[in-house]
Amino acid sequence: MKLSLDRRTKILLIVFLVIYVVVGVLNAIYLSKQSMSEAFKNVANRWVVKLPFGEGIFSRINPLTIFMTWGIMLIIIVIALSFRKPQIIPDRKQSALESLMDFVYQMVEDAIPDQRFVRPTFYLACTLFIFIVFSNILGGAIPGISVEANAQGNVEKIYLFSDTWFSPTADINTNAFLAVFVFVISQVFAIKSKGFKAWAKSWFEPIPLMFPMNVIGELSKPISHSLRLFGNIAGGALLTYLLAYMAKYFFLPVILWGFFGLFVGVIQALVFTVLAIAYISSALS
Amino acid sequence: MENGPTLAEALIQMGKFIGAGICMGAGAIGPGIGEGHVGDGAMQAMARQPELIGVLTTRMLLSQAVCETTGLYSLLISILMLFVL
């Protein structure tokens, strides 16, 4: 395969690589002097800001999650705007996106029994997949600015390009929101498809004694759904940080980022999407 | 012995390390067995129908990623035990 880049891309790539190598060498000189317990003291703390209004847990936000979520949304909107006029003969980017959507559409069409809900489910599944893929790859494979916080949630240090960007899916709140969203949508689709009576009756099947079991079975779906993504992405980020420290930032942990960001990230996004489709189809049937 | 850790601190450290080791070691058994079963089934299916290798590989990776989840939970917990507690 021959790679052809135009002038602008080449200049951007060279500038990025120079910044990357210089910052990597500086990090290797400076950060490997820290002792291990000092480097991992704050590895599980998050930057927390208290809002002036509201009370309890509803007044605390993680600003990094919000910035990164909005950033990813902006990127996706820009990409979507560049595809406003689809060509009949697709170019390279358009055919890649088309084959992705075709892949998701095939899965949805095979799984959903009710024809009326194929298109809404396809929109939902595609949105989930694209958002999660972008955030996983950003959080796992692209070096960026990361913030270290102390136990009270205040900012202690800001690192440039020694760690990856903070992924929104490494925060349990984002994942829990997505999973609860899928759960609510599956129940709404079930009510619309079967009617309220049949939906209410489906909780008491096969015998009325099984009602608590059905409730627990349904409620455990969003929990395992969200924790799976959270565990993979947060664990991958932690492990990347740990192994990069152990290698003293010597070879610039590109390989780790490739594995945990690209491979695990894409697989987990696919798993999340497939499970969302499966939950919706099991609620519909 | 003036500057060394007290007995209580040493016991806490010991508990952390033993707990993290047991957590990761025991948590790796389940995913190992599960992924082995998935790989076994996929290999047999591929040997029987080599023309389906593309589809089978995707499905195999998908179900292995689902199996891996519990192992990752224990990894997360053991890392948190070591560095946070």
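Residues numbered from 1 in each chain as written. Chains lettered and ligands numbered in written order. Predicted model: local features only at pLDDT ≥ 70, side-chain atom pairs only at ≥ 80, totals over all residues.

With that settled, consider the overall build of chain A. If you tally the helices and strands in chain A, you get nine helices and four strands. Its helices and strands in sequence order give chain A the pattern α-α-β-β-α-α-α-β-β-α-α-α-α, from N to C terminus. Along the first, second and third principal axes, the C-alpha set of chain A runs to 65 × 55 × 35 Å. Split into buried and exposed, the 285 residues of chain A put 30% on the buried side. When contacts within chain A are restricted to residue pairs at least 6 apart in sequence, those whose partners lie at least 24 apart make up 73%. (Helix = DSSP H or I, 4+ residues; strand = E, 2+ residues; numbered from the N terminus. Buried ≥ 20, exposed ≤ 12 C-beta atoms within 10 Å, placed from the backbone. Contact = placed C-beta atoms within 7 Å.)

A few words now on the nonpolar core. Within the largest apolar cluster, 55 residues are counted, with the highest numbers of intra-cluster contacts made by A125, F129, V133, F134, A234, A276 and I280 of chain A. Put simply, the parts of the chain that give this core at least two residues each are α3 (63–81), α4 (92–111), α5 (118–141), α6 (172–194), α8 (211–246) and α9 (254–284) of chain A together with α3 (53–67) and α4 (69–83) of chain B. For this core, the element with the highest residue contribution is α9 of chain A, accounting for 13 residues. Residue contacts for A276 of chain A: discarding those within four places in its chain leaves A125, L128 and V182 of chain A. (Core = buried A, V, L, I, M, F, W, Y, C linked by C-beta atoms within 7 Å.)

All names here are of chain A. Packing of α4 against α5 brings their axes to within 9 Å, and their N-to-C directions diverge by 135°. On the basis of their axis angle, the class for α4 and α5 is oblique. Like other packed secondary-structure pairs, α4 and α5 cross with a definite hand, here right-handed. On α5, the residues touching M101, V104, Y105, V108 and E109 of α4 are V118, T121, F122, A125, C126 and F129. (Axes fitted to C-alpha atoms, helices over the stretch in contact; angles between N-to-C directions. Parallel < 35°, antiparallel > 145°, perpendicular 65-115°, else oblique. Left-handed = near helix turned anticlockwise from the far one by under 90°.)

With that settled, the discussion passes to α3 of chain A. Residue and element names in this part refer to chain A. For α3, built from 19 residues, the straight-helix expectation of 27 Å at 1.5 Å per residue is met to within 8% by its first-to-last C-alpha distance of 27 Å. Looking only at α3, the buried set comprises L64, T65, M68 and I72. Viewed along the axis of α3, the buried residues span an arc of 95°, placing them on a single side of the element. For α3, the exposed residues set more than 90 degrees away from the buried face come down to W70, L74, I77, V78, A80 and L81. Those residues of α3 that are buried are in contact with α5, β3 (143–149) and α6. (Expected span 1.5 Å × (residues − 1). Arc of directions from axis to C-beta.)

Let us now look at the interface of chain A and chain B. With 14 residues of chain A at the interface, the matching set in chain B holds 13 residues. When residues of the side of chain A that touches chain B are traced back to their parent elements, those giving at least two are α8 and α9 of chain A. Here the element with the most residues in the side of chain A that touches chain B is α8 of chain A; it accounts for six residues. For the side of chain A that touches chain B, the residue count by class is nine nonpolar, four polar and one charged. (Nonpolar A, V, L, I, M, F, W, Y, C, P; charged D, E, K, R; others polar.)

Attention shifts here to the packing of α3 of chain A against α5 of chain A. To describe two helices that pack against each other, one gives the angle between their axes and the distance between the axes. Residue and element names in this part refer to chain A. At a minimum axis separation of 10 Å, α3 and α5 run at an interaxial angle of 120°. The orientation of α3 relative to α5 falls into the category oblique. As for how α3 packs across α5, the hand of that crossing is right-handed. Seen from α3, the contacting residues are M68, I72, I75 and I76; seen from α5, they are I130, F131, F134, S135 and L138. For the contact of α3 with α5, a count of residues per class yields eight nonpolar, one polar and no charged.

Looking at chain A as a whole, the pLDDT averages 81, with 92% of positions reaching at least 70. Considering each helix and strand of chain A separately, the mean pLDDT is smallest for helix α2 (residues 36–39) of chain A, with a value of 69, and largest for α6 of chain A, with 90. (pLDDT = per-residue confidence, 0-100.)

Within the fold, L7 of chain B resides in helix α1 (residues 7–27). Remark: the alpha-carbon pair of L7 of chain B and C67 of chain B, spanning 60 residues in sequence, is separated by 41 Å.

Before going further, it helps to spend a moment on the environment of L56 of chain B. All names here are of chain B. Looking at the element boundaries, L56 is found in helix α3. On the basis of neighbour counts, which here come to 16 C-beta atoms within 10 Å, the residue L56 falls in the partly exposed class. The spatial distance from the C-alpha of L56 to the C-alpha of G25 is 30 Å, given a sequence separation of 31 residues. Not counting the four nearest positions on each side in its chain, L56 is found in contact with A42, A45 and M46.

This part is about the confidence of the model for chain B. Counting all residues, the mean pLDDT for chain B is 86, and 96% of those residues have values of 70 or more. Within chain B, no element has a lower average pLDDT than α4 of chain B, which sits at 80, and none a higher one than helix α2 (residues 29–48) of chain B, at 92.

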